[in-house]
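Structural features, examined
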Amino acid sequence: MYKRTEINFHNQVEYWMGVGALNEAASLLDRYANIYVLVDENTAKDCLPILQDKWPRIKDATVIDIVSGEDNKTLLTVDNIWFQLTRFQADRHSLLINLGGGVITDMGGFAAAAFKRGMKFVHVPTTLLAQVDAAIGGKTGVDFSGFKNHIGFFKDPEAVVIDPVFLQTLDERQWRSGLAEVMKYGLIMDEDLWRLIVDQPLENFSPAVFEEMIVRSVENKIKIVTEDSQETGMRKILNFGHTLGHALETFYLNTANPITHGEAVAAGMICESWISHKLTGLDFKSLAQIEGVINRFFARLNFTQEHIRGLLNLTRQDKKARDGKIRYSLLEKVGNSVFDVEVDDQLAEESLRYYIQKTNWTIDETVQN
Ligand SMILES: NC(=O)c1ccc[n+]([C@@H]2O[C@H](COP(=O)([O-])OP(=O)(O)OC[C@H]3O[C@@H](n4cnc5c(N)ncnc54)[C@H](O)[C@@H]3O)[C@@H](O)[C@H]2O)c1
C-alpha cells in the first residue's frame with residue numbers, strides 16, 4: 001500500500017508514507033541546489049545506502065555524521081552540525097535531510113531552524129518511534145542540563161518521508177519503543193488500532209499489519225497537530241503516558257542504564273491509566289487489559305519507593321506544567337481521552353506505588369473476559 005497525504009498547517013508540509021514512499025518522493029530534491037544529510041553511525045551504515053539507492057542525488061550530498069544516542073542530543077552536537085554546515089557553505093536555500101531516529105529528527109530540525117535564521121529541512125525517519133511520532137508535528141529540540149527537550153522550537157519540515165524499508169535493520173528494543181507510541185494512539189483516539197495490537201501475538205506482526213499500524217498512527221497524529229500545532233488545546237492528549245513517562249526517562253538518563261523513550265512511556269501509560277481509573281472513569285477491566293498488553297511487550301522498570309519523590313520533582317519540569325500545577329492527559333475509556341486534568345502529587349505518587357506493586361497482569365487474564 002502506498003499513500004500520499006498533503007496537509008496544511010503554518011507552512012505546507014508534505015507527508016509521504018508507506019511502502020514505496022521513498023521512490024515516490026524522490027522529486028522533492030529537485031527544488032534544492034545544495035543538499036546535506038545528517039546521519040549517525042548506525043543510519044550511515046544501514047540507511048544511507050538505501051537513501052542513495054532510491055535518491056541518486058544523495059551520492060553527491062555532504063554527509064554530516066554525528067554520534068548516536070540521547071546523551072548526544074545536546075547543544076554541543078548542534079554546535080558541531082552548525083560548524084559542518086558553515087564549513088561546507090550551506091545557506092538558507094540549502095536542504096538538510098535528517099536521516100535517523102527521533103534524536104536526529106529533533107536535533108536536525110532544531111539545528112536547521114536556527115541556522116542562518118532557518119534553512120529548509122526534510123525528515124526521513126528510520127525508527128518506528130520517529131516514523132509514527134517524533135518526525136511529525138514540528139517539535140524540534142535538544143536536551144539541556146539533564147532535562148529532556150528543554151530547548152527547542154516548533155518548526156515544520158518541508159516534508160516527511162516515512163518508508164518502512166528502513167525498519168528491517170532496527171533492533172528489537174527500538175522496535176518495541178516505537179510500539180509504545182502506536183499503543184498510545186490506540187488508547188487516546190483509535191480503538192480499532194488498539195484492537196489491532198491486542199489481537200496480534202508479537203511474532204505475528206505481518207508487514208501488512210505493520211504498515212497499517214504506521215499509517216494509522218501517522219494519520220492520527222497529523223489529525224491532531226493540524227488542529228493544534230502549538231499545543232494549546234487538544235494536542236495535549238498526545239501527552240498521555242508522558243508526564244510520568246518523561247520523569248522516568250529523565251531519571252534513567254542520569255543512571256548507568258538509560259531506558260528508551262518507549263519503555264518510559266509504556267510505564268507512564270500504566271501509571272496514568274491507573275490515575276484515569278481513579279479520576280476520569282476508565283473502568284477496571286480496561287485498566288487491567290492495558291496493563292496486560294503493555295506487560296506483554298515491555299519488561300518492568302526497577303525503580304523503587306525511594307525514587308518516587310525524585311520522580312515527582314521531575315514532573316514539575318514538565319513543559320506542560322503551569323503555575324506549579326501538573327495537568328495530565330487521561331483516558332475516559334479506550335479510544336477516548338481528556339486533557340488538562342489536574343492531578344495532585346498524592347495521586348501521582350500512588351500511581352507509581354501501584355506500578356511498583358502490581359505489574360503482573362497477563363494478557364490471558366485480561367483480554368479473555
Ligand atoms: N519531536 C517529537 O514530537 C518527539 C516525539 C517523540 C519522541 N521524540 C524524541 O525522539 C527521541 C527518541 O527517538 P528514537 O527512539 O528514534 O531514538 P534514536 O534516534 O536514538 O534511535 C535509536 C537507535 O536506533 C538507531 N537507528 C536508527 N534508525 C535505525 C535503523 N533503521 N536501523 C538500525 N539502527 C537504527 C540509532 O542510531 C540509535 O542508536 C527522543 O529524543 C525523544 O525525545 C520526539
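Summarised in this report is the structure supplied together with it.

How each quantity is defined
- For every chain, the first residue of its written sequence is number 1, and the numbers climb from 1 along that sequence.
- Residues qualify for local features only when their pLDDT is at least 70, as the model is predicted, and side-chain atom pairs are given and counted only at 80 or more; totals for whole chains, interfaces and linings, by contrast, use all residues.
- Helix numbering and strand numbering both begin at the N terminus, where a helix is a DSSP run of H or I of at least 4 residues and a strand a DSSP run of E of at least 2.
- Multiplying 1.5 Å by the helix residue count minus one yields the expected span of that helix.
- Here a residue counts as buried when 20 or more other C-beta atoms fall within 10 Å of its C-beta, as exposed when 12 or fewer do, and as partly exposed in between; the C-beta atoms come from the backbone.
- The directions considered for the arc run from the helix axis to the C-beta atoms.
- Contact between residues is assigned whenever the C-beta positions, reconstructed from backbone atoms, fall within 7 Å.
- Defining nearness, a residue is near a molecule or strand when the C-beta atom obtained from its backbone falls within 6 Å of it.
- When DSSP finds two or more bridges between two strands, those strands count as paired.
- Lines fitted to C-alpha atoms define the axes, with helix axes restricted to the stretch in contact, and inter-axis angles between N-to-C directions lie between 0 and 180 degrees.
- Orientation labels follow simple angle bins: below 35 degrees gives roughly parallel, above 145 gives roughly antiparallel, 65 to 115 gives roughly perpendicular, and whatever is left gives oblique.
- The crossing is said to be left-handed when, going from far helix to near helix, the turn is anticlockwise and less than a right angle, and right-handed when the turn is clockwise.
- Residues are sorted three ways: Asp, Glu, Lys and Arg are charged, Ala, Val, Leu, Ile, Met, Phe, Trp, Tyr, Cys and Pro are nonpolar, and all the rest, Gly among them, are polar.

1. Considerations on helix H14 (residues 345-357)
When the terminal C-alpha atoms of H14 are compared, their 18 Å separation across 13 residues agrees well with the 18 Å that a helix rising 1.5 Å per residue should span. Along H14, the residues classified as buried are Ala 348, Ser 351, Leu 352 and Tyr 355. With its buried residues spanning 95° around the axis, H14 presents them on a single face. Away from its buried face, by an angle of more than 90 degrees, H14 presents the exposed residues Gln 346 and Gln 357. Next to the buried residues of H14 lie helix H10 (242-253), helix H11 (261-279) and helix H13 (308-315).

2. Things to note about the site of the ligand
Close contacts around the ligand come from 32 residues, with Asn 42, Gly 101, Gly 102, Val 103 and Thr 127 the closest. Contributions of two or more residues to the shell around the ligand are made by helix H2 (41-46), helix H5 (102-114), helix H6 (128-134), strand E8 (147-151) and helix H7 (172-189).

3. Some details on the pairing of strand E5 (residues 95-100)
Judged by how many residues are buried, E5 sits mostly within the fold: six of six residues are covered. On E5, burial covers both faces: Leu 95, Ile 97 and Leu 99 on one face and Leu 96, Asn 98 and Gly 100 on the other are all buried. In terms of strand pairing, strand E3 (residues 35-40) meets E5 through four bridges, oriented parallel. What sits directly across from Val 37, in E5, is Ile 97.

4. Re the packing of H10 against H11
Between H10 and H11, whose axes approach to 7 Å, the crossing angle comes to 135°. On the basis of their axis angle, the class for H10 and H11 is oblique. Seen from above, H10 lies across H11 with right-handed handedness. Along its contact with H10, which presents His 242, Thr 243, Leu 244, Gly 245, His 246, Leu 248, Glu 249 and Tyr 252, the element H11 presents His 261, Ala 264, Val 265, Ala 267, Gly 268, Cys 271 and Glu 272. Of the residues belonging to the contact of H10 with H11, the class tally is seven nonpolar, six polar and two charged.

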